[in-house]
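Each chain, letter by letter, is given below.
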Amino acid sequence: MKHFLPILPALILAACGAESDQIDPVDPAEQATPREIHERILVIDSHLDTPANLSKADFDIVTDNPTQMGQVQVDLPKMQRGGLDGGFWVIFTPQGPLDEASYAAAKQAALTRSDEIIAMVEAHPDEFELAYTADDAERIVADGKRIVFQSIENSYPLGTDLTVLEDFYERGVRLVGPVHFRDNQFADSATDLSATDLGGLTPLGEELVREANRLGMMVDGSHAADSTVEDIMEISTTPIVLSHSGVKALYDHPRNISDDLLRRVAENGGVIQMNALGSYIENLEPPAERTAALEELAASFEGRSPFDLSDEEREQYMARRGEIDSAYPMPLSSFEVFMEQMLYALEIVGPEHVGMGADWDGGGGVAGMEDVSFLPKVTERLMEEGYTEADLEKIWGGNLLRIMRQVEAAKAQ
Ligand SMILES: [Zn+2]
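What comes next is a walk through the structure.

Cut-offs used in this document
- Residues numbered from 1 in each chain as written.
- Predicted model: local features only at pLDDT ≥ 70, side-chain atom pairs only at ≥ 80, totals over all residues.
- Heavy atoms only, no water.
- Helix = DSSP H or I, 4+ residues; strand = E, 2+ residues; numbered from the N terminus.
- Buried < 20%, exposed > 50% of the residue type's maximum accessible area, 1.4 Å probe, protein only.
- Contact = heavy atoms within 4.5 Å.
- Lys, Arg positive; Asp, Glu negative; His and termini not counted.
- Charge placed at Lys NZ, Arg CZ, Asp CG, Glu CD.
- 1 Å grid on protein atoms, 1.4 Å probe; cavity = no way out; pocket = protein on both sides within 12 Å on 5 of 7 lines; lining within 4 Å.
- Points joined across faces, edges and corners; volume = space filled by probe spheres on them.
- Nonpolar A, V, L, I, M, F, W, Y, C, P; charged D, E, K, R; others polar.
- Pairing = 2+ DSSP bridges.
- Phe/Tyr/Trp six-rings, centres within 6.5 Å; stacked < 30°, edge-to-face > 60°.
- Axes fitted to C-alpha atoms, helices over the stretch in contact; angles between N-to-C directions.
- Left-handed = near helix turned anticlockwise from the far one by under 90°.
- Donors = N, O, S within 2.8 Å, 3.2 Å for Na, K, Ca; no water.
- Polar contact = N/O pair within 3.5 Å; in protein donor to acceptor, adjacent residues only side chain to side chain.

Remarks on the overall build of the chain
Of regular secondary structure, the chain possesses 16 helices and ten strands. In terms of its C-alpha atoms, the chain occupies a principal-axis envelope of roughly 85 × 50 × 45 Å. Relative to its full complement of 413 residues, the chain shows a buried share of 54%. If you take every contact in the chain between residues at least 6 apart in sequence, the share linking residues at least 24 apart comes to 71%. Seen as two clouds, the 31 positive and the 75 negative side-chain charges of the chain have centres 2 Å apart.

Put into structure tokens, the structure is as follows:
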């Protein structure tokens, strides 16, 4: 349960008449510890890949699952310890071939993932609640529950029939990203620049943005090429969200954004939600055993990309890949490197345009912030840097809810 009461003592003192001018008004922010402040503000992460765990037999959202990097970073006990009130629970679909049969299979997979998210909430009605509006989010937290917005990472499963987006809207999807690792029917990806240059959004991608505007969904520019981000800002009537991204000035990776484009995102009213995926925020050298094992794996599939494998082959590939990840994990980045990214973005565009989207359960997490239970450290660090409670409210959720309200208002018009 959140407590929105700390303003009261000051009001009561002010009402005490003559004595009040001898007593300094109580500034709750001065007295509260970073932990208390973290607890009483609304804390949202815009990219929880946790739904990928929901179909796993040994995963239980309400128990304290063992923390292992790349495995369980979000569950109810960790959310409670970390003061995480909820966020956007991702419906992720890997990119596949651009044909009708593949679209149909991908759509089914995405609907199943959404079903799983809804089933998780229905199984734990006292702990979680589906959210559809910014007001819902605040009410759910006031009721002592966790917020479950849904989001789409990679619109590939929509195929070429954009009426499907409305089905996802009805289910609670309020954030939609056109593209993932590879170019698709909607847009150029940030990590597929060698392929055909689509020039940003395709005509179908432009339609997708207009449909998101019409329905009342935020548009996500993470994973999109710069040209796509520019097109989204050009076409969308509402501000863009980068749900899990980093800054290029500190580490030149295609998933990160340049200062210039970040400033334009801010001028657009948008927000960058900071990613904590190690190999996107610094150059991490994999151990030699990992490289060798991955090469062997690739060779056993004749060097084909996992995207080009059959479902059965992909399953085998992913199982072996999981074994390699546990035996020879990638080195971790650190909390300080993550905070440098966040502080840099804050310096460039200010607390109205920065938030958190750490890619939990999707590759995010750094040494010192291995799962969501460590989130209060971010608040503590930001307060050390001089950010106020009002700033933190914006960073942790206020910015996203502001954009959401803009999207809701634009829909209503
Ligand atoms: Zn991602």
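Still more to cover.
Considerations on the layout of surface pockets
Unfilled space is identified by rolling a water-sized probe across the atoms. Reported here for the second largest pocket is a volume of approximately 150 Å³. Top contributing element to the lining of the second largest pocket by residue count: helix α16 (residues 389-412), with five residues. Tallied by class, the residues present in the lining of the second largest pocket amount to four nonpolar, two polar and four charged.

Observations concerning the pairing of strand β2 (residues 86-92)
Counting buried residues along β2, six of its seven residues qualify, which places the element largely inside the surrounding structure. Sheet topology places strand β1 (residues 44-48) next to β2; three bridges connect them, and they run parallel. Looking at the pairing, D45 lines up with G87 of β2. Pairing geometry for β2 and strand β4 (residues 146-153), over seven bridges, is parallel. Within β4, the residue paired with G86 across the bridge is I147.

Some words on the packing of aromatic side chains
By the definition in use, this model includes four aromatic pairs. On the basis of an interplanar angle of 10 degrees and a centroid distance of 4.7 Å, the ring pair of F88 and F149 is categorised as stacked. Placement of F88 in strand β2 and of F149 in strand β4 is noted, with a sequence separation of 61 residues between them. Residue F149 is classed as buried on the basis of its relative accessible area, which comes to 0%. Aromatic pair F301 and Y317: ring centres 5.6 Å apart, planes at 65 degrees, arrangement edge-to-face. Of the two residues, F301 is situated in the loop between α12 (288-300) and α13 (311-327) and Y317 in helix α13; the sequence distance between them amounts to 16 residues. The exposure class of F301 is buried, given its relative accessible area of 9%. Y317 sits in the buried class, given a relative accessible area of 12%.

Thoughts on the packing of helix α15 (residues 376-384) against α16
Put simply, α15 and α16 touch, their axes get as near as 11 Å, and they point 145 degrees apart. Crossing angle aside, the handedness with which α15 passes α16 is right-handed. Judged by residue contacts, V378, T379, L382 and M383 of α15 engage L392, I395 and W396 from α16. Looking at side-chain class alone, the contact of α15 with α16 contains six nonpolar, one polar and no charged residues.

Some remarks on the coordination of the zinc ion
By definition of the ideal shapes, a tetrahedral metal site with four donors has angles of 109.5 degrees and an octahedral site with six donors has angles of 90 or 180 degrees. The protein atoms that coordinate the zinc ion are E153 (OE), H223 (NE2) and H244 (NE2), at distances of 2.1 to 2.2 Å. Sequence spacing of the donors to the zinc ion: E-x69-H-x20-H. Residue H223 is found in the loop between β6 (218-220) and α9 (226-235), and its partner H244 is found in strand β7 (residues 240-247); the two are separated by 21 residues along the sequence. Judged by relative accessible area, which is 1%, H244 ranks as buried.

What to know about unusual backbone geometry
Non-glycine residue E302 carries a positive phi angle of around 50 degrees. Inspection of the secondary structure assignment puts E302 in the loop between α12 and α13. Looking at E302, the relative accessible area reads 63%, which means it is exposed. Residues other than glycine seldom take positive phi values, yet D359 does so here, at roughly 65 degrees. For D359, the location among the structural elements is in the loop between β10 (354-356) and α15. For D359, a relative accessible area of 4% corresponds to the buried category.

Considering the side chain of N256
Note on placement: N256 falls in strand β8 (residues 256-257). At 2.8 Å, the side chain of N256 forms a polar contact with the backbone oxygen of Y280. Ignoring sequence-local partners within four residues, the contact set of N256 consists of S245, G246, V247, K248, Y251, Y280 and Q341.

Nothing here speaks to function; it is geometry throughout.
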